[in-house]
Every structure is written in structure tokens, then in C-alpha cells.
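# Report on the structure
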Amino acid sequence: MSKPGDSTRPHMLYIVWGFPPSRGGGVYRALATANEAVRAGFRVTVLTAEAQAFRRYTGSDDSLLELLDPDVNVRRIPFRWPVREVPVTGDGSFRDTLRRLRRKAIALWGRLPFPETNYGHWLRPLTHAALAIHAEEPVDLVVATANPNVTFAAAHALSQSASIPSVLDHRDAWLLDVFSGATVKPSRSREARWERRMVTGATELWFVNEPIREWHQQRYPEAAAKMHVVLNGWDREAVGHVAPPRPADHPPTFGYLGTISAKVPVAQLAQGWELARAILPEGSRLVLAGHAGYFSDPDARVTSALEDAAARGIEIRGPVPKREVSSFYDEIDILVLALGDGRYVTSGKVYEYIATSRPIVAVFSPTSAATAVLAGYPGAVQSKSAEPQDIADALAAAVRTWRETGAGDLAERQRIAHRYRRDQVLAPALQRLRAAI
């Protein structure tokens, strides 16, 4: 653990919701940020929710705890999700109607401290804990990551009260729908007023891709100079030991690994696979692995789509713990990156896929931000659209790419992968902050 009173290194407070053992997609960026901050010369205190909250509400992966630098001090505080503690059945009964009304009342109550459904009620305890940590051991820099955006509000409160620099790390966007590109709240809404206040008070703002940064720069031109792109990346602990691609002397195994949300075009992919099987080598397989939705209880819409996919000959694998990710990629010849469409969508998985040196079938619109990440990667095969026939054609084209891969292609894939290694991405940003302090 970091030693209180060690004045030789500045103290960074990192406020985050999804931290190990959370298994959410953003947990890998959060874990890496804490670890890299230690390497950059900070004493790091992480302020997050108690582990039981993740095990109860979102699902957990305890193997992630093994990857945390022992010098990171983790302060956990209670988090409750009151809405999820009121079960509804949807059976139309009077009792169920009352439960739904109770849920709505709880949700409205929770938004009073901060206008964010399910998380607004956490603002007071989170801010209190941040101020208490600063009182115990003065904080030199506060960094918060979202979503949820309530972490930004707590960082803003500490920054303003103690006159210390703050960094707001956007994994997503609050007022921008990254799929449709629509602005989701009017400029005079509570959400918009809160965001303007926090943007104005921040020392730096980080975004995971250029389109999201540009959107915020246009909205807040006076703060444009302090907005930076800090990409996602891949983690050596997860994919640093993936075996080299196998020779193309057998029927290929296609694979998808990632959270399977309702935005992932599972139905179109399943239909495309069914069409492609007539032209793919006999014995070809497609494996889909990952959580069905974002919470501990599977998303019924995703479960239904996966059941249909299984009926069409696709293997459904389920969640893969972090320590087993490399083994999963070892058995895959061609990766399938299926994403919800949107100009502002990148996904952290695109970097992990690149790190494997496998061909990648891009099942999303060419206008997606993820397309820019794959640009120049030998082996990327872009589906023209998410229509089943275009997906089938892309799967077939990927087989040709797989068979034609040469030593030069592999070397170039590895060169590009090195650029996106997580420490290569995070270190410059953290070192810049360390030098400024």
C-alpha cells in the first residue's frame, strides 16, 4: 500500500465507479489508469464502490483484483441501487403496478442530489469520502472517470473546495448519444448546467476518440484547448501472451469476445453466418463469448438473440474471465468485431483484437470511429453494412485474407499493436500531469 505522508510523490485521488472486481467494459481502462499512475510517480488512492455492489448488481470478475498494483490504495464506500431492489414481474397485477410506481418514485428521489438516474443519490457519500481522504492525506490531483458522471461531480467538488487540479476522463459522453449522434438534453436542463460547470472547472478533459472530443469542443469552445484524446488500448496482462496465428491449414474458427449488449447486431450476424456457411470451408465455426448485457442478470433481449444464433449453428460460450482471455484468442483464427453503429463509437475491444494479430471482420458502419483505429491494419475486412448478405461476404473475404497472410503482414500488425498498448497510450498523459505538478 502507499505510505501516508510520503511527500516525495504527489498524491492522486482517482474516483471511479467500475473498478475491480467489477466486470464492466470500462474496468480495464480504470485498472490500467491506477496502475500506470503509480508507474508515473504518483501515490494513488482509488475511491470506488464496495466490491459487494458489483457482485450484486453488475457481475464481477475477481481475477482482476490480482492485476492491481499493490501500491494502489483502494478506499471502498457503500453503494446501493434502490431501483433494482424493487422487483417487477410484468404480469399486469395490481401489486406489480404498485412496484412500478415505487420504482419511479425512487428514481426521481435519487436524481435530486445529482441529475443521473441510478447514481445521483451517490453524490453526497462520494463527495464526503473524497473530502475525508483529502483531510487525511492532502490530494495534489483528482482524476475521475465516467460513466457514471456522478464521479465527475465529486471530483469537481473536491477540486473547487481545495483548489487542486482535476481531470475528467470521458469513456463515453453524457449529453451525446454516441450511436445516433443526437444531443439528449436541452441546454437549460440540469444535466447541461452541471456539465458546463464541471467542464469550466476542470484542468483537463480526456476523450477516447477524436469525434467525441470534436463534439465537446464545438459545444464548449472556451475549453477546447484543455481537451485531449487519450485512446483506449489493450492490456498486456490479458492478451500479452496470445499465441501467434495458426497456419491456415484447417477450417477457420471465427470468434467474438466482449459484452453483448442490445446494440450488438447479433440477429444480423446470425443470419449472415447462416448465409456464409454455404461458401465457407466445411467445418468452419463461429463462437460468441461474453456477458449478455451490462448487469448481473442477463438482458432478456440479448438472451433471445443468442438463442436464435445458437439455433443457426453458432456456439455461445458465455463470459470469459480476464485470466482466460488469452486462451480464448488462442483458439480463434478470425475475429469478428460486431458493434452498434455510430460515428462516435470506438469500443475498447478493437484494440484487444488488434493485439492478437488475427484478421478482423468489422461488422459495423464504415463511418464508425472504430474504422479509424483499423485503418492500415493488414487483415481488417470491412462489412459494407450490417445487412446479413454483406456480413456473409465479409466473412468469406476474411477467410481469403487469413489464408494469404504473410510474414510482412504479421510484422505490420504487431507494429500497429505496439502503438495501442495501454501503457503506450496512458503513460504520456499521466507523465504530463506528473510534470505539471
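See above for the structure.
Structural notes, computed from the coordinates. Starting from 1, residues in each chain are numbered consecutively following that chain's sequence as written. This being a predicted model, a pLDDT of at least 70 is required before a residue's local features are given, and a value of 80 or more before pairs of side-chain atoms are given or counted; all residues contribute to the totals for chains, interfaces and linings. Heavy atoms from the whole structure form the basis of all side-chain values; hydrogens and water molecules are not counted.

### Some words on the overall build of the protein chain
Condition: Numbering goes from the N terminus for both helices and strands, where a helix is a DSSP run of H or I of at least four residues and a strand is a run of E of at least two. This radius of gyration counts C-alpha atoms alone. The globule rule is 2.2 Å times how many residues there are, raised to the power 0.38. Categorising residues by exposure relies on relative accessible area from a 1.4 Å probe, with only protein chains included: less than 20% of the type maximum marks a residue as buried, more than 50% marks it as exposed, and the intermediate range marks it as partly exposed. What makes two residues a contact is simply this: any of their non-hydrogen atoms within 4.5 Å. To measure how exposed things are, a 1.4 Å probe is used in the Shrake-Rupley method; for residues, cover is taken only from the protein chains shown. For this count, His and the chain ends are skipped, Lys and Arg are scored as positive, and Asp and Glu as negative. Just so you know, the charge point we use is NZ for Lys, CZ for Arg, CG for Asp and CD for Glu.
Across its full length, the protein chain holds 16 helices and 13 strands. Compactness check: the protein chain gives a C-alpha radius of gyration of 22 Å against a globular reference of 22 Å for 437 residues, within 12% of the reference. Taking the principal axes of the C-alpha coordinates as reference, the protein chain spans close to 65 × 60 × 40 Å. Within the protein chain, the proportion of its 437 residues that are buried is 54%. For the protein chain, the proportion of contacts with a sequence separation of at least 24, taken over those separated by at least 6, is 75%. When the accessible surface of the protein chain is totalled, it reaches about 18,500 Å², and 52% of it is carbon and sulfur. Both charge centroids of the protein chain, one from 53 positive and one from 47 negative side chains, sit 6 Å from each other.

### A look at the sheet that holds strand 8 (residues 253–257)
Each strand in a sheet pairs with its neighbour through backbone hydrogen bonds, running either in the same direction (parallel) or in the opposite one (antiparallel). The cut-off we apply is this: In this analysis, strands are considered paired if DSSP registers two or more bridges between them. Only the stretch in contact is used when fitting a helix axis, every axis being a line fitted to C-alpha atoms; angles between N-to-C directions are given from 0 to 180 degrees.
Here we have six strands laid out as an open sheet, ordered 10-9-8-11-12-13, and parallel in their pairing. Of all strands in the sheet, those with a lone pairing partner are strand 10 (315–318) and strand 13 (380–382), marking the two edges. Pairs of neighbouring strands in the sheet enclose a mean axial angle of 25°, with direction left out of account. Pairing geometry for strand 8 and strand 9 (residues 285–289), over five bridges, is parallel. Within strand 9, the position partnered with Gly 255 by the bridge is Val 287. Each of strand 8, strand 9 and strand 11 (334–338) is contacted by helix 9 (residues 266–276), which is oriented at about 165° to strand 9, the strand it contacts most.

### Examining empty space enclosed by the protein
Here is the rule: Only protein atoms enter the calculation, which uses a 1 Å grid: trapped sets of points that fit a 1.4 Å probe without letting it out are cavities, open sets showing protein on both sides within 12 Å along at least five of seven lines are pockets, and any residue with an atom within 4 Å of a point is a lining residue. Grid points are joined across faces, edges and corners, and a volume is the space filled by probe spheres set on the points. Throughout, the ten residues Ala, Val, Leu, Ile, Met, Phe, Trp, Tyr, Cys and Pro are labelled nonpolar, Asp, Glu, Lys and Arg are labelled charged, and all others, Gly among them, are labelled polar.
Summed over all chains, the structure comprises six cavities of 30 Å³ or more. Empty space within the largest cavity amounts to approximately 140 Å³. Around the largest cavity, the lining is made up of 14 residues, and of these Ala 32, Asn 35, Asp 235, Glu 237 and Arg 422 lie nearest the centre. At six residues, the largest contribution of residues to the lining of the largest cavity is made by helix 1 (residues 27–39). Grouping the amino acids of the lining of the largest cavity by side-chain chemistry returns four nonpolar, one polar and nine charged.

### What to know about the layout of surface pockets
Within this model, the second largest pocket holds a volume of roughly 210 Å³. Around the second largest pocket sit 14 residues that line it, and Trp 234, Val 239, Ala 355, Ser 357 and Gln 414 are the ones nearest its centre. In terms of residue count, the dominant contributor to the lining of the second largest pocket is helix 15 (residues 407–419) (three residues). Split into classes, the residues belonging to the lining of the second largest pocket amount to eight nonpolar, five polar and one charged.

### Looking at the environment of Ile 77
In this structure, Ile 77 sits in strand 3 (residues 73–77). Given a relative accessible area of 11%, Ile 77 falls into the buried group. Along the chain, Ile 77 and Pro 20 lie 57 residues apart, while their C-alpha atoms are 14 Å from each other. Look past the residues within four positions of Ile 77 in its chain and what remains in contact with it is Leu 47, Thr 48, Ala 49, Glu 50, Trp 122, Pro 125, Leu 126 and Ala 129.

### Comments concerning the sheet that holds strand 4 (residues 141–146)
Strand order in the open sheet formed by seven strands is 3-2-1-4-5-6-7, and the pairing between neighbours is parallel. Two strands close off the open sheet at either side, each with one partner strand: strand 3 and strand 7 (227–229). The sheet shows a mean angle of 20° between the axes of neighbouring strands, direction not considered. Sheet topology places strand 1 (residues 11–15) next to strand 4; four bridges connect them, and they run parallel.

### Examining the pairing of strand 2 (residues 43–49)
To keep it simple, the criterion reads: Look down the strands so they point away from you; if the path from the first strand over the helix to the second goes clockwise, the crossover is right-handed.
Of all seven residues making up strand 2, seven are buried, and the element is well covered by its neighbours. Relative to strand 2, strand 1 is paired through five bridges, and the arrangement is parallel. In the strand pairing of strand 2, His 11 is matched with Arg 43. For the crossover that starts at strand 1, traverses helix 1 and ends in the parallel strand 2, the hand is right-handed. Alignment of strand 2 against strand 3, held across five bridges, turns out to be parallel.

### What about the pattern of salt bridges?
Filter applied, for reference: In the sections that follow, a salt bridge refers to a side-chain nitrogen of Lys or Arg positioned within 4 Å of a carboxyl oxygen of Asp or Glu.
A complete count under the given rule lists 26 salt bridges for this structure. Across the salt bridge formed by Glu 191 and Arg 111, the nearest N and O atoms sit 2.7 Å from each other. With a gap of 80 residues between them, Glu 191 in helix 6 (residues 190–201) and Arg 111 in the loop between helix 3 (94–110) and helix 4 (123–136) connect regions that are remote in the sequence. Linking Asp 423 and Arg 236 is a salt bridge whose minimum nitrogen-to-oxygen distance equals 3.5 Å. Placement of Asp 423 in helix 16 (residues 422–436) and of Arg 236 in helix 8 (residues 236–239) is noted, with a sequence separation of 187 residues between them. Overlapping salt bridges bring together Arg 285, Glu 315, Arg 317 and Glu 331 as one network.

### Some words on a positive patch on the surface
As a reminder, the rule being used: Two joining distances apply to patches: 9 Å for like charges and 5 Å for nonpolar side chains (Val, Leu, Ile, Met, Phe, Trp, Tyr), and every residue must have over 30% relative accessible area and no salt bridge.
On the surface, Arg 188, Arg 190, Arg 193 and Arg 197 cluster together to form a positively charged patch. Relative to the assigned elements, Arg 190 resides in helix 6. Since its relative accessible area comes to 30%, Arg 190 is described here as partly exposed.

### A few points about unusual backbone geometry
Excluding glycine, most residues fall at negative phi; most peptide bonds, likewise, are trans. Ala 146 connects to Asn 147 through a cis peptide bond whose omega is 20°. Tracing the backbone shows Asn 147 in the loop between strand 4 and helix 5 (150–162). You will see that Ser 163, though not glycine, has its phi angle at about 55°, which is positive. Assignment of secondary structure puts Ser 163 in the loop between helix 5 and strand 5 (166–170).

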